[in-house]
There are 4 protein chains.
Amino acid sequence: MGHLTENNEALVMRVRRLVGQLQAVERALVSGEDCAKTLHLAAAVRGAINGLIDELIADHVKAHVSAPDLTQAERDEGAEALIAAIRRYAK
Amino acid sequence: MGHLTENNEALVMRVRRLVGQLQAVERALVSGEDCAKTLHLAAAVRGAINGLIDELIADHVKAHVSAPDLTQAERDEGAEALIAAIRRYAK
Amino acid sequence: MGHLTENNEALVMRVRRLVGQLQAVERALVSGEDCAKTLHLAAAVRGAINGLIDELIADHVKAHVSAPDLTQAERDEGAEALIAAIRRYAK
Amino acid sequence: MGHLTENNEALVMRVRRLVGQLQAVERALVSGEDCAKTLHLAAAVRGAINGLIDELIADHVKAHVSAPDLTQAERDEGAEALIAAIRRYAK
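To keep things clear, this report deals only with the structure shown in the data block. Since we're looking at a predicted model, the values are computed, not measured.

## As for the overall build of chain A
- Tallying secondary structure elements over chain A gives three helices and zero strands in all.
- Along the chain direction, N to C, the helices and strands of chain A fall in the order α-α-α.
- Radius of gyration (C-alpha) of chain A: 17 Å, far over the 12 Å computed for a compact globule of 91 residues.
- The dimensions of chain A, computed from C-alpha atoms along their principal axes, are 55 × 25 × 15 Å.
- Taken over 91 residues, chain A has a buried fraction of 55%.
- Residue pairs in contact within chain A that sit at least 24 positions apart in sequence constitute 46% of those at least 6 positions apart.
- For chain A, the centre of its 11 positive side-chain charges and the centre of its 13 negative side-chain charges are spaced 6 Å apart.

Okay, structure coming up:
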């Protein structure tokens, strides 16, 4: 079981805003909008997904690495998972 | 007027697949899925939006920089817009 | 033969500044500098190398895609190489 | 005082390899090497600096967030600094 349930209403809201931003990209494509404008909208989506990924990593840090009630074994495991995630996704 | 109309059915399909990938992120959040799994799904969204941005830039190159029927003034303007887009969005 | 010779003094200067920035990272490591400070210096190196990559791509656009004296075959080849470079390096 | 001293010989070696990779970029520029080749070398530098940044963040996690001998106040502070670093540098 993950740690995301507590904080996840805010994250779900972010994902839904992202869907709205993608629909703006779709409208720009369908209406033959200028490519600079379309690119700008697509770049905004990337900014938002990067923000979401940062948030997911921050939640992991709090729940699985720094929380006071973890055993040292759980903390070490959480730190390893975090470092693996940073190597894979922090780009 | 942008150049996107010709090629835009394929791009619109990509955007719709992206919406589907975001819905998978939302389901993972709502069901309290493991955070490593959720991160993995969110990173896939970022990969897909990066691919879409590359495609938008490639379309711009073909329509506004290398197309045979452009005047040199149009070509220079397209190249300037492209270089500005790369500086802004190629990250 | 590449197109870089014309413009390359400025680029060589950028590379040398980057070497200087890396030496600052090395000094921070050797002197046991605070990790936030060291990270900040390393992130500045990444910003500078991203800027250099953007510059190399911009030079390619001007020399091999939009230059007025290219044949259409050369221009198409330059555009293909550019699009491949964006897909590979624009990240 | 940072945590970097313990592990820093390996990191210093990475920085020196990076200097060598930059010198290869400089040689490519000076000798008028093909731009695709030069771009490839510059992209390798970026890959290496991204790896170094990941390593610095991993060191921070181990020294300031998950280490067994931290007080909870130190751990919370280390987690906050980490999350700030991810938001700023994980790109």
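## Examining empty space enclosed by the protein
- Applying the stated criterion across every chain yields a total of one cavity of 30 Å³ or more.
- Volume-wise, the largest cavity comes out at about 30 Å³.
- Around the largest cavity, the lining residues are B:Ala90, C:Asn50, C:Ile53, C:Asp54, C:Ile57, C:Tyr89, C:Ala90 and D:Arg46.

## Considerations on the interface of chain A and chain B
- With 40 residues of chain A at the contact, the number on the chain B side is 40 residues.
- Both sides together, the interface formed by chain A and chain B hides about 3500 Å², and carbon and sulfur atoms give 74% of it.
- Joining chain A to chain B, the criterion identifies two salt bridges.
- Among the ionic pairs, A:Glu26 bridges to B:Arg16, the shortest N-O distance being 2.7 Å.
- When contributions to the side of chain A that touches chain B are tallied by element, the ones reaching two or more residues are helix H1 (8-30), helix H2 (35-66) and helix H3 (72-89) of chain A.
- At 16 residues, H2(A) tops the list of elements feeding residues into the side of chain A that touches chain B.
- Class assignment of the residues belonging to the side of chain A that touches chain B gives a composition of 24 nonpolar, 10 polar and six charged.

## Side note on the relation of the copies chain D and chain C
- Between chain D and chain C, which share one sequence, the superposing operator has a rotation angle of 180° and an axial displacement of 0.0 Å; the RMSD is 0.0 Å. Taken together, the rotation angle and the small translation identify this as a two-fold axis.
- Most of the interface of chain D is mirrored in chain C, where 100% of its interface residues are also at the interface.

## Observations regarding the nonpolar core
- With 108 residues, the main nonpolar core has A:Ile49, B:Ile49, C:Ile49 and D:Ile49 as its most contacted residues.
- Sequence-distant contacts of C:Ile49, that is, excluding residues within four places in its chain, are made with C:Leu18, D:Leu22, D:Ala42, D:Val45, D:Arg46 and D:Ile49.

## Describing the pattern of salt bridges
- Under the definition given, this model contains 16 salt bridges over all chains.
- Close ionic contact of A:Glu33 with A:Lys37 constitutes a salt bridge, the shortest N to O distance being 3.8 Å.
- Its relative accessible area of 28% is what places A:Glu33 among the partly exposed residues.
- Judged by relative accessible area, A:Lys37 falls into the partly exposed class, the value being 41%.
- Here the salt bridges do not stand alone but share partners, grouping A:Arg14, A:Glu55 and D:Arg87 into one network.

## Comments concerning the interface of chain D and chain C
- Taken together, the 40 residues of chain D in the interface contact 40 residues of chain C.
- Overall, the association of chain D and chain C removes approximately 3500 Å² of surface from exposure, summing both partners, and the carbon and sulfur fraction of that is 74%.
- For the interface between chain D and chain C, the tally reads two salt bridges.
- Here chain D is connected to chain C by 10 residue pairs in polar contact (both at pLDDT 80 or more).
- Going through the elements one at a time, helix H1 (8-30), helix H2 (35-64) and helix H3 (72-89) of chain D are the ones with two or more residues in the side of chain D that touches chain C.
- Per element, the largest residue contribution to the side of chain D that touches chain C is 16 residues, and it comes from H2(D).
- In terms of residue class, the side of chain D that touches chain C is made up of 24 nonpolar, 10 polar and six charged.

## Here's the deal with helix H1 (residues 8-30) of chain B
- The terminal C-alpha atoms of H1(B), which comprises 23 residues, lie 33 Å apart, in line with the 33 Å expected from a rise of 1.5 Å per residue.
- Within the sequence span of H1(B), burial applies to B:Asn8, B:Leu11, B:Val12, B:Val15, B:Leu18, B:Val19, B:Leu22, B:Ala24, B:Val25, B:Glu26, B:Ala28 and B:Leu29.
- If you follow the buried residues of H1(B), they end up packed against H1 and H2 of chain A together with helix H2 (35-66) of chain B.
- Where H1(B) terminates, the next one or two residues include B:Gly32, which has phi positive at roughly 65°.

## Let's talk about the environment of D:Ala85
Residue and element names in this part refer to chain D.
- Position of alanine 85 relative to the elements: it lies in helix H3.
- The class for alanine 85 is buried, based on a relative accessible area of 8%.
- Separated by 25 residues in the primary sequence, alanine 85 and histidine 60 place their C-alpha atoms 9.9 Å from one another.

Cut-offs and rules
Residues numbered from 1 in each chain as written. Chains lettered and ligands numbered in written order. Predicted model: local features only at pLDDT ≥ 70, side-chain atom pairs only at ≥ 80, totals over all residues. Heavy atoms only, no water. Helix = DSSP H or I, 4+ residues; strand = E, 2+ residues; numbered from the N terminus. Rg over C-alpha atoms; globule rule 2.2 N^0.38 Å. Buried < 20%, exposed > 50% of the residue type's maximum accessible area, 1.4 Å probe, protein only. Contact = heavy atoms within 4.5 Å. Lys, Arg positive; Asp, Glu negative; His and termini not counted. Charge placed at Lys NZ, Arg CZ, Asp CG, Glu CD. 1 Å grid on protein atoms, 1.4 Å probe; cavity = no way out; pocket = protein on both sides within 12 Å on 5 of 7 lines; lining within 4 Å. Points joined across faces, edges and corners; volume = space filled by probe spheres on them. Buried area = accessible area lost by both parts, 1.4 Å probe. Salt bridge = Lys/Arg side-chain N within 4 Å of Asp/Glu carboxyl O. Nonpolar A, V, L, I, M, F, W, Y, C, P; charged D, E, K, R; others polar. Least-squares fit on C-alpha atoms with pLDDT ≥ 70 in both. Core = buried A, V, L, I, M, F, W, Y, C linked by side-chain atoms within 4.5 Å. Polar contact = N/O pair within 3.5 Å; in protein donor to acceptor, adjacent residues only side chain to side chain. Expected span 1.5 Å × (residues − 1).

Keep in mind these values describe shape, not function.
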